[in-house]
Amino acid sequence: MPSCAGFNLTRNAVGSHTSYAMRLDRAAQQALIMGAAVLILANLLPIWLVRFPPLQDYPNHLLSAHIIAHYNDPNFDYAQNFILSWRPIPNVLGTLIMAGLARIVPTLLAGKLFLSFYIILFPLSILYLLNAVDSNKLLLGLFGFPLTYSWFFNMGFVNFCLSLPLYFFAVGFWWKTRSGQRHRVYRIVVLGLLTLLIYLSHFLTFGVWIITVVLLSLTSVGWRTTIKRGLLLASLVTIILIPAALVFDAVWVQLKAIFDLITPSVIIFASLPTKLAIAYRPFISFRTLVEGTILLILLCLYVALLCRNVAQWNVNPFLGLALLMVGLFLVLPIGFRGPFYIARRLLIPAVILGLPVLYDPARLRWQFILIGILAVMSVAHTSVMLG
């Protein structure tokens, strides 16, 4: 759990130096911590109450993990039918983690442990991001819990889902250490490792991370420092991915696959009305009335808190970043050679990047009301997954 230092939720309302105010602060902190813990446990139930989580592409990743973990096992003869490739290409990190776990525990259990790791990591990464930007807005991190079981997760896109918390951790760490005056080596190493992990998870999230770093750097430290730090970070990632021949081969394989997909005859664009009509899909898996109602309530609450904080629109760079993600969603193709789901992947980062711009209520009553609404919405969404 990210640190709650500086988590001042109530002192503006009741005075900043009274023991009563401090007790209210602790009560709000405890309510948030307990609520987050309960919601994480509730989100774990759909994974552990069934023998096999019904996620569409999940069996493919599970089989790949089993092959890697038992490649030389004579009971399966995988070595006679498959050739392992250790190129550092995207969309493999989750599979490799499951493969590592499958060498210790049964493969089905390894898969559940990995899914549990994501379910825990996703909301914690959002809380970490908010704590890094403005610790007073930690309770807004509860918006992330109903998004844990997104359409992408239920489709079994486990590597893309893993890339999201890694991205949020990276953005939070970058913002927290953006001055770069202390522990420069530590900062570069951590950012280099996070960049590498995001790259290995999903190529699109990697691109979003690069865009994020560039824009936040330009608004915070200027273009010269941005170029300097960017070159240093790129050099570190390259060094981590030695030998160079392997890196070139891996990058070339990835680029060739993209070039094969991107031809004028297979790029699928959509009109603006169509884009707006599918904007809800990352947040609704089964198109039930319950999910639609939850999404509508959360959307109204999100917009209300955003409009209540108009004064911060011009000074907070995260609003511009969130709007850029929405703009990219509107102009990018929806896929290549079928529904490759390009543009819609940007909507979850857009929603989370907008959280630091939302209004955080100062009165304790409204804080608990907001916590209650978001907790109920999360539990209701989890109940849909259980159903």
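Residues numbered from 1 in each chain as written. Predicted model: local features only at pLDDT ≥ 70, side-chain atom pairs only at ≥ 80, totals over all residues. Heavy atoms only, no water.

Caption draft 1: Main features of the environment of Arg344. Among the structural elements, Arg344 can be located in the loop between β2 (335-336) and α15 (347-353). Beyond its immediate chain neighbours, meaning those up to four positions away, Arg344 contacts Trp151, Phe152, Ile278, Arg281, Pro282 and Phe329. (Helix = DSSP H or I, 4+ residues; strand = E, 2+ residues; numbered from the N terminus. Contact = heavy atoms within 4.5 Å.)

Caption draft 2: Inspection of a nonpolar patch on the surface at higher detail. Judged by side-chain polarity, Ile210, Ile211, Val214, Leu215 and Leu218 come together as a nonpolar surface patch covering roughly 340 Å² of accessible area. Residue placement: Val214 occurs in helix α9 (residues 203-220). (Patch = residues over 30% accessible without salt bridge, like charges linked within 9 Å, V, L, I, M, F, W, Y side chains within 5 Å. Areas by Shrake-Rupley, 256 points an atom, 1.4 Å probe, with all protein chains shown as cover. Salt bridge = Lys/Arg side-chain N within 4 Å of Asp/Glu carboxyl O.)

Caption draft 3: Region of the structure containing the environment of Ala99. Its location among the elements puts Ala99 in helix α4 (residues 93-102). What makes Ala99 buried here is its relative accessible area of 4%. Between the C-alpha atoms of Ala99 and Ile67, which are 32 residues apart in sequence, the distance is 8.0 Å. The contact partners of Ala99, leaving out residues within four places of it in the chain, are Ala65, Ile68 and Ala69. (Buried < 20%, exposed > 50% of the residue type's maximum accessible area, 1.4 Å probe, protein only.)

Caption draft 4: A look at helix α3 (residues 58-69). Here α3 contains 12 residues, and its C-alpha end-to-end distance of 16 Å stays within 8% of the 16 Å for a straight helix at 1.5 Å per residue. Buried residues of α3: Tyr58, His61, Leu62, Ala65, His66, Ile67 and Ala69, and no others. The inward-facing, buried residues of α3 abut α4, α5 (107-133) and α7 (158-176). (Expected span 1.5 Å × (residues − 1).)

Caption draft 5: Fine view of unusual backbone geometry. Positioned with a positive phi, Asp77 is a non-glycine residue whose angle comes to about 60 degrees. Structurally, Asp77 is set in the loop between α3 and α4. Classification of Asp77 by relative accessible area gives partly exposed; the value is 41%. We note that Asn91 has phi near 70 degrees; this positive angle belongs to a residue other than glycine. Position of Asn91 among the secondary structure elements: in the loop between α3 and α4.

Caption draft 6: Expanded view of the side chain of Ser163. Relative to the helices and strands, Ser163 is located in helix α7. You can call Ser163 buried: its relative accessible area is 0%. Apart from the residues within four sequence positions on either side, Ser163 is in contact with Ser201, His202 and Thr205.

Caption draft 7: Looking closely at the packing of aromatic side chains. As enumerated under the stated definition, the model contains 21 aromatic pairs in all. Plain terms: the ring middles of Tyr118 and Phe122 are 5.7 Å apart, the flat faces sit at 45 degrees to each other, and that makes the pair tilted. Taken together, the residues span about one helical turn, with Tyr118 and Phe122 both in helix α5 at a distance of four residues. Note on Phe122: relative accessible area 0%, which makes it buried. One aromatic cluster is present, built from ring pairs that chain together Tyr118, Phe122, Tyr149, Phe153, Tyr167, Phe168 and Trp209. Over the aromatic face of Trp175 sits the side chain of Arg178, whose NZ or CZ is 4.0 Å from the ring centroid. Sitting over the face of the ring of Phe160, Arg345 holds its NZ or CZ atom 4.8 Å from the ring centroid. (Phe/Tyr/Trp six-rings, centres within 6.5 Å; stacked < 30°, edge-to-face > 60°. Lys NZ or Arg CZ within 6 Å of the ring centre and 35° of its normal.)

Caption draft 8: Seen up close, the packing of α5 against α7. The geometry of α5 relative to α7 is characterised by a closest axis approach of 8 Å and an angle of 25 degrees between their N-to-C directions. Taken together, the axis directions place α5 and α7 in an arrangement best described as roughly parallel. Seen along the crossing, α5 lies across α7 with a hand that is left-handed. Residues of the contact of α5 with α7, tallied by class, amount to 22 nonpolar, two polar and one charged. (Axes fitted to C-alpha atoms, helices over the stretch in contact; angles between N-to-C directions. Parallel < 35°, antiparallel > 145°, perpendicular 65-115°, else oblique. Left-handed = near helix turned anticlockwise from the far one by under 90°. Nonpolar A, V, L, I, M, F, W, Y, C, P; charged D, E, K, R; others polar.)

Caption draft 9: Representation of the side chain of Asn309. Take Asn309: it is sitting in the loop between α13 (289-307) and α14 (317-331). A distance of 2.8 Å separates a polar atom in the side chain of Asn309 from the backbone oxygen of Val357. Setting aside anything within four residues of it in sequence, one finds Asn309 in contact with Lys137, Val357, Leu358 and Tyr359. (Polar contact = N/O pair within 3.5 Å; in protein donor to acceptor, adjacent residues only side chain to side chain.)

Caption draft 10: Here's a closer look at the environment of Ala270. Mapped onto the fold, Ala270 is located in the loop between β1 (267-268) and α12 (272-277). Considering only alpha carbons, one finds Ala270 and Ile334, 64 residues apart in sequence, at a separation of 6.8 Å. In contact with Ala270, other than residues within four places in its own chain, are Lys275 and Ile334.

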